[in-house]
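Coordinate inspection notes
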Amino acid sequence: MMGACWGPAVRVLVLQAAWALVGGQVRYSVPEEAKVGTVVGRVAQELGLEAGEAEARRLRLVAQGRRASVEVSGASGALVVSGRLDREELCGKSAPCALRLEVLLERPLRVFHVELEVTDINDNAPLFPAARKNLSIAESSLPGSRFPLEGASDADIGANAQLSYTLSPSEHFSLDLRRSEEYRESLFLVLTKPLDRETEPVHRLLLTASDGGRPSLSGTMELVISVLDANDNAPQFNQSVYKVQLPESAAEGTPVVRLNATDPDVGSNSEITFTTSNIFPPEGLKLFILNAKTGEIHLTDGLDYEVSRSYEIEIEATDKGTPPLSGHCKVVLEVLDENDNAPEVRVTSLSVPVPEDASVGTVVAVLSVWDRDSGSNGRVRCSVWPASPFGLVSSVSGSYSLVVREALDRERVSEYEVEVRAEDGGAPALVGSRRVRVPVSDVNDNAPAFAQAVYTVLARENNAAGAELARVQAKDPDEAGNGRVRYSLWEGSVGAAGAVGGVGSASSYVSVEAESGRVWALRPLDYEEVQVLEFEVRAVDAGEPSLCGNATVQVWVLDENDNAPSLLPAAGVGAGAGASGRSSSVWESVSGESSGSLWAWAAWGTPAGQVVAKIRAVDADSGYNAWLRYEVWEPRGKGPFRVGLYSGEVSTARALEEADGPRQRLVIVVRDHGEPARSATATLSVSLGEGGEAASAASGAGSSGPGLRASSGAEGGSSSLSSLSSSTNAWLVAAICAVSGLLVVAVVLCGAWRWAPRAGALSGRGPATLVCASQVGSWSYSQRQSRSLCVAEGAGKSDLMVFSPNCPPPPAAAAKETQPEPPALLDTVSAAPSLASRPAPRRPRPLLSLVSVVSPGVGRRLWEAG
């Protein structure tokens, strides 16, 4: 033991001594861009650690300052490259590039210093500030002129950063590189031969920089040299004489000619200004205008062949150089005689607007057409453009009538722009035109049309009277009164889906605003009374005769949590009377205030998990608003009883003892899942006694059912307790017989259910919604077998189904509190046979929780039998 303890300590002392001998620091060197996984050095071996000791003592690396991109391998204790090593990124131009690292060793904790030098490789090419540089050199520059250039830079160091320059071959330029120990090197471009911009305006050279690495890397930059111009060329016209012919009918602004003068110089030396030096005859000064920049000549007035047959204009072009240079040309214009009078069209009579039901041949307008020319130039042909429902009819020479040729439709085209064109027989022909605006007046030929044939509206129940439910809109393409629509509620088709016994007329629920089509609620809607309200809205226009259109509106009422849970009587209550509607209403009068009182019996010594009673409740709402949960409100804490969260079964939480007393009083709260939640309370009095006494009391409960009956007060409870003390053995035998009979009935019902046809559901109309309560009480949907349910009253539930759940079975008996009742617990009530013959009540009551009453031990047998 002592040797085992002294061994590590001796190695540590030897390691410290060895580290001190080498100065307390290890130096490694690695080239940049080394591959990941490259071994830099064996740190564990340097520190004198044995194999496997580096990992055992957690040998690791801590970088100082920069990201090191190296790490210590836990298995071998070697320093390896873990990431990209870029010397330029780590140290820039600094040399050498040394990284200070710390190596940590635990048990005991020691810190050692390692210095890692990253050596440079030639991995960076010379880089110019820009890929292209523009230079401007005057055409008059003398040979020997020098122009400074900015050199390239290299991110490497040493010989890898020593640069040399070369220039692509050129007869006009060369390079001059000057080096200095005190300053940076200077690079110049030297002009070796005079430049001529007109011969070669731009010189393109390639400057190359190469470093001293092995292998050498290089970078390039393009030099674009623009030669600046000198004014050594005069403007020149492409023609000395321009000959132009224009007809006398040429309009004002007509271009005569565009002069073209060029100057091979550039800049201001090539900018040309045009001026008029002379015009003959002098009257032409008022007829022409010259654009000084473009050289375009335009007419400023009309030409007349009878006044002058030709014009001569002398033009001068001058550049803006110093001194300015100029060139000259002459323009000769010949005037041609031709048909210069276009036909004229005038409207003498107009009858608008035209009704859209106007017959073919109706006269719209009368027009007069003439031409001041004579002969063939004065003969006129007329036409209508563009194509339209109108045409021209000639009655006498020079007079035309514009008439209707096709049926009109104002809703398609409400107005026409008709252009009447008159063309003479000249060469070329001249055209005169006149536009005639023809509006079309409306007649009532379109019925109002709704945007939708059926409007579907979602409305919450208990809405305020006067609330807007929807807005329907019909459009009539007619105008004015013919297109003004009024809405009304049409009683011809009224219905309400889901309301048993029917509902009143739609006008008792809603009204339609005549002007806007808004649908208003006249009274609050009740989901339990009406789920779908369907009616029709009629839209009528104000035309003569009036036209109408219809649309169907379906108002779907959405359920709200406006009904509190209602407690149901025990399964046996009213059995003697055939479970008539009268006995059910008596129970409602007792429990309608959201509370009820029940009795049950249990024996001392009953083990934990035995079902004592079951609370039965329903909620008139649907969906989550009708999903019920049960909680024990009193007594608080850990009592001898508990209630199933969703089943309503009251069972023992532990074994019953005599110390629990002769009676236990439970206050059970039944809540739904609505927002806000509504609740009802039930008071359950459980009488405790010996096993035989409890069985006698359970079997003697009569119509109240096994183990549970409705309480009528304190006197009834005391009399029931007094009856438990007599004939114990007889009651025990009766209880056993009753339990055996119930078991046989359960087995028969289970067999009948398994082989019964699935079409025998007793649900009301409406789609069935399959719902499963999982272990956490959430909803899930299932595609498995489903059955509709009903209660003893015969109230069907149209949107809730009970089925074999697809949830996983609970891991323990205690988990049954969060599970819904399985199909085997479907409560069969004595009044069920009278369900088919009983008339359906006016308001369907949705059922979300079944309630059954069982004695201790019977509930478990019923579950197993299912």
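Residues numbered from 1 in each chain as written. Predicted model: local features only at pLDDT ≥ 70, side-chain atom pairs only at ≥ 80, totals over all residues. Heavy atoms only, no water.

1. Here's the deal with the overall build of the protein chain
Counted only if it meets this: A helix here means a DSSP run of H or I that spans at least four residues, while a strand means a run of E at least two residues long, and both kinds are numbered starting from the N terminus. Whether a residue is buried, partly exposed or exposed follows from its accessible area with a 1.4 Å probe, protein chains only, as a fraction of its type maximum: under 20%, in between, or over 50%, in that order. Should any heavy atoms of two residues lie within 4.5 Å, those residues are considered in contact. Using the Shrake-Rupley algorithm and a 1.4 Å probe, accessible areas are obtained, with residue cover drawn only from the displayed protein chains.
Within the protein chain, the secondary structure is distributed over 9 helices and 54 strands. Taking all 866 residues of the protein chain together, the buried fraction comes to 41%. Taking the contacts inside the protein chain whose residues are at least 6 apart along the sequence as the reference set, 70% of them involve residues at least 24 apart. Of the accessible surface of the protein chain, which amounts to about 44,200 Å², a share of 53% is contributed by carbon and sulfur atoms.

2. Overview of the packing of aromatic side chains
Aromatic rings considered in pairs are described by the distance between their centres and by the relative angle of their planes. The criterion, for reference: Stacked, edge-to-face and tilted labels apply to pairs of Phe, Tyr and Trp rings (six-membered ring for Trp) whose centres lie within 6.5 Å, assigned for plane angles under 30 degrees, over 60, and everything in between, in that order. Charges are assigned to positions over rings by a cutoff of 6 Å between ring centre and Lys NZ or Arg CZ, combined with an angular limit of 35 degrees from the ring normal.
The full count for this structure, using the stated rule, is 8 aromatic pairs. Ring geometry for Phe237 versus Phe274: centroids 6.1 Å apart, planes at 55°, classification tilted. Of the two residues, Phe237 sits in strand β15 (residues 236-237) while Phe274 sits in strand β19 (residues 272-280), which places them 37 residues apart along the sequence. Both residues of the pair, Phe237 and Phe274, belong to the buried class. Taken together, a centroid distance of 6.4 Å and an interplanar angle of 80° make the contact between Phe450 and Tyr455 edge-to-face. Comparing Phe450 with Tyr455 shows no difference in burial state: the two are buried. An aromatic cluster is built from Phe450, Tyr455 and Tyr487, whose rings are joined through pairwise contacts. The cationic tip of Arg421 hangs over the ring face of Trp385; the distance from NZ or CZ to the ring centre is 4.5 Å. Between the NZ or CZ atom of Arg636 and the centre of the ring of Trp633, over which it lies, the distance is 3.9 Å.

3. A word on the pattern of salt bridges
As a reminder, the rule being used: Salt bridges are defined by distance alone: a side-chain nitrogen of Lys or Arg within 4 Å of a carboxyl oxygen of Asp or Glu.
Throughout the structure, instances matching the rule amount to 23 salt bridges. With its nearest N and O atoms 2.7 Å apart, the salt bridge here joins Glu415 to Arg437. Here Glu415, found in strand β30 (residues 415-424), pairs with Arg437, found in strand β31 (residues 431-441); they are 22 residues apart in sequence, far enough to count as distant. Through salt bridges with shared partners, a single network forms among Arg410, Glu411, Asp442 and Glu479.

4. Remarks on the pairing of strand β49 (residues 679-689)
Stated precisely, the cut-off is as follows: By this definition, two strands are paired if DSSP reports at least two bridges between them.
Along β49, 9 of the 11 residues are buried, which leaves the element largely enclosed by surrounding structure. Sheet topology places strand β48 (residues 663-672) next to β49; 9 bridges connect them, and they run antiparallel. When the bridges of β49 are listed, Val669 appears paired with Thr681. Remark: 6 residues form the turn of the hairpin made by β48 and β49, two consecutive strands paired antiparallel.

5. Overview of the sheet that holds strand β21 (residues 296-299)
Here is the rule: To define axes, lines are fitted to C-alpha atoms, for helices over the stretch in contact only, and angles between the resulting N-to-C directions are given on a 0 to 180 degree scale.
Ordered in space as β17-β21-β20, the 3 strands form an open sheet in which the pairing is antiparallel. Both outer strands of the open sheet, β17 (255-258) and β20 (288-290), are each paired with one neighbouring strand and no more. Direction aside, neighbouring strands of the sheet carry axes that sit 15° apart on average. With 3 bridges connecting them, β17 and β21 associate as antiparallel partners. Directly across from Val257, in β21, lies its bridge partner Ile297.

6. Digging into a nonpolar patch on the surface
What counts is decided by this rule: What makes a patch is a set of residues exposed beyond 30% relative accessible area and free of salt bridges, joined within 9 Å when like-charged and within 5 Å when nonpolar (Val, Leu, Ile, Met, Phe, Trp, Tyr).
On the surface, Val347, Leu350 and Val352 cluster together to form a nonpolar patch covering roughly 200 Å² of accessible area. In this fold, Val347 is placed in strand β24 (residues 344-350).

7. Some details on the nonpolar core
Let me state the cut-off plainly: In this text, buried Ala, Val, Leu, Ile, Met, Phe, Trp, Tyr and Cys residues form a nonpolar core when linked through side-chain atoms within 4.5 Å.
Residues Phe450, Tyr487, Val510, Phe535, Val537, Val553 and Val555 are the most contacted members of the largest nonpolar core, which totals 28 residues. Listing elements by their share of this core, those giving two or more residues are β33 (454-460), β34 (468-471), β36 (485-497), β37 (510-512), β38 (518-521), β39 (532-541) and β40 (548-558). Formed by 27 residues, the second largest nonpolar core is a distinct cluster that contains Val26, Leu59, Leu79 and Leu90.

8. Some thoughts on unusual backbone geometry
Cis rather than trans, the peptide bond between Ala427 and Pro428 has omega equal to -5°. As for its placement among the helices and strands, Pro428 is situated in the loop between β30 and β31. Residue Glu634 is joined to Pro635 through a cis peptide bond whose omega torsion reads 0°. With a phi angle near 65°, Asn462 is a residue other than glycine that sits in the positive phi range.

9. Regarding the environment of Asp541
Convention followed: Within 3.5 Å is the distance limit for a polar contact, defined as a pair of N or O atoms, with the added protein rule that one can donate a hydrogen and the other accept it, and that residues adjacent in sequence qualify only through two side-chain atoms.
Relative to the elements of secondary structure, Asp541 occurs in strand β39. Considering only alpha carbons, one finds Asp541 and Asp476, 65 residues apart in sequence, at a separation of 7.7 Å. If near-sequence neighbours (up to four positions away) are discounted, Asp541 is found in contact with Asn444, Asn446, Pro448, Asp476, Gly481, Asn482, Arg484, Val485, Ser546 and Leu547. Within polar-contact distance, the side chain of Asp541 engages the backbone nitrogen of Gly543 at 3.4 Å. At 2.8 Å, the side chain of Asp541 and the backbone nitrogen of Leu547 are in polar contact.

10. Focus on the side chain of Asp263
Applied cut-off: Counted as positive: Lys and Arg. Counted as negative: Asp and Glu. His and the chain ends are not counted at all.
Position of Asp263 among the secondary structure elements: in the loop between β18 (261-262) and β19. Put simply, Asp263 is tucked away with no salt bridge, and the nearest opposite charge, on Arg197, sits 6.8 Å away. Only 3.0 Å separates the side chain of Asp263 from the backbone nitrogen of Asp265, close enough to count as a polar contact. Setting aside residues no more than four positions away along its own chain, Asp263 makes contact with Asn233, Ala234, Pro235, Asn269, Ser270, Ile272 and Asp319.

11. Remarks on the confidence of the model for the protein chain
Rules: Confidence scores here are pLDDT values: one per residue, from the predictor, ranging 0 to 100.
Here the protein chain averages 75 in pLDDT, and 73% of its residues register 70 or above. Segment residues 702-728: pLDDT under 50, and 56 contacts once partners within four positions in sequence are set aside and those in other chains are kept. Predicted confidence for residues 757-866 stays below pLDDT 50, and this span has 232 contacts to residues more than four positions away or in other chains.

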